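Remarks on the overall topology
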Amino acid sequence: MTRRRLTDILTVSLGVLYIVAGIAETTRAVVTGDGGIPFWFGSLVGGGAMVLLGALAFRYRPWLSFGLITVGCLAGAVATMWTLVIPLVALAVIVLALLRTDQEIDRLTADE
């Protein structure tokens, strides 16, 4: 498995995981009346949407893609900090996205 493929798989998986966890936590907050709906929905669903946008929609704009992925990973990591594993995956995604950004910048400048 290449690093590019690993980056794609991890990034999309993390984005989907954040969105699913955000929907589950928001549903739990609504049903139990615990509150915190803006936090759970905003950090997890918003973070997951940013990660997916950066990974899929803005793939060919390297710095915008990296920025969206980074902000989305950090937003979701705040809400999932207690798991210890998901924030580490988010950190790995940020590093892989940065490496990919450098590769894309090199490729785009070589084409000119």
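In the block above lies the structure referred to throughout.
Scope of this entry: the structure provided in the associated data block. Note that this is a predicted model, so its numbers are computed, not measured.

1. Quick look at the overall build of the protein
Helices and strands together make up the secondary structure of the protein, namely four helices and zero strands. Start at the N end of the protein and walk to the C end: the helices and strands fall as α-α-α-α. Projecting the C-alpha coordinates of the protein onto the three principal axes gives extents of approximately 55 × 20 × 20 Å. The buried share of the protein, reckoned over its 112 residues, is 36%. The long-range share in the protein, meaning contacts at least 24 apart out of those at least 6 apart in sequence, stands at 63%. Carbon and sulfur atoms form 74% of the exposed surface of the protein, whose accessible area is close to 6,400 Å². In the protein, 8 positive and 8 negative side-chain charges are present, and the distance between their average locations comes to 5 Å.

2. As for the pattern of salt bridges
By the definition in use, this model includes six salt bridges. Put simply, Arg-28 and Glu-25 hold a salt bridge, and the shortest N to O gap is 3.0 Å. Of the two residues, Arg-28 and Glu-25 are both situated in helix α1 (residues 3–32); the distance of three residues between them amounts to about one turn of the helix. Of the residues examined, Glu-25 reaches a relative accessible area of 23% and is grouped as partly exposed. Across the pair Arg-107 and Glu-104 runs a salt bridge whose closest N-O atoms are separated by 2.8 Å. Of the two residues, Arg-107 and Glu-104 both sit in helix α4 (residues 85–111), three residues apart, roughly one turn of that helix. Each of Arg-4, Glu-104 and Arg-107 takes part in one network of salt bridges that share partners.

3. Side note on the packing of α1 against helix α3 (residues 62–79)
Between α1 and α3, the shortest axis-to-axis distance is 11 Å and the interhelical angle comes to 45°. For the element pair α1 / α3, the angle class is oblique. For the crossing formed where α1 meets α3, the hand is left-handed. Contacts between α1 and α3 involve Thr-11, Leu-14 and Tyr-18 from the first element and Ile-69, Gly-72, Cys-73, Gly-76 and Ala-77 from the second. Split by residue class, the contact of α1 with α3 holds five nonpolar, three polar and no charged.

Conventions and cut-offs
- Residues numbered from 1 in each chain as written.
- Predicted model: local features only at pLDDT ≥ 70, side-chain atom pairs only at ≥ 80, totals over all residues.
- Heavy atoms only, no water.
- Helix = DSSP H or I, 4+ residues; strand = E, 2+ residues; numbered from the N terminus.
- Buried < 20%, exposed > 50% of the residue type's maximum accessible area, 1.4 Å probe, protein only.
- Contact = heavy atoms within 4.5 Å.
- Areas by Shrake-Rupley, 256 points an atom, 1.4 Å probe, with all protein chains shown as cover.
- Lys, Arg positive; Asp, Glu negative; His and termini not counted.
- Charge placed at Lys NZ, Arg CZ, Asp CG, Glu CD.
- Salt bridge = Lys/Arg side-chain N within 4 Å of Asp/Glu carboxyl O.
- Axes fitted to C-alpha atoms, helices over the stretch in contact; angles between N-to-C directions.
- Parallel < 35°, antiparallel > 145°, perpendicular 65-115°, else oblique.
- Left-handed = near helix turned anticlockwise from the far one by under 90°.
- Nonpolar A, V, L, I, M, F, W, Y, C, P; charged D, E, K, R; others polar.

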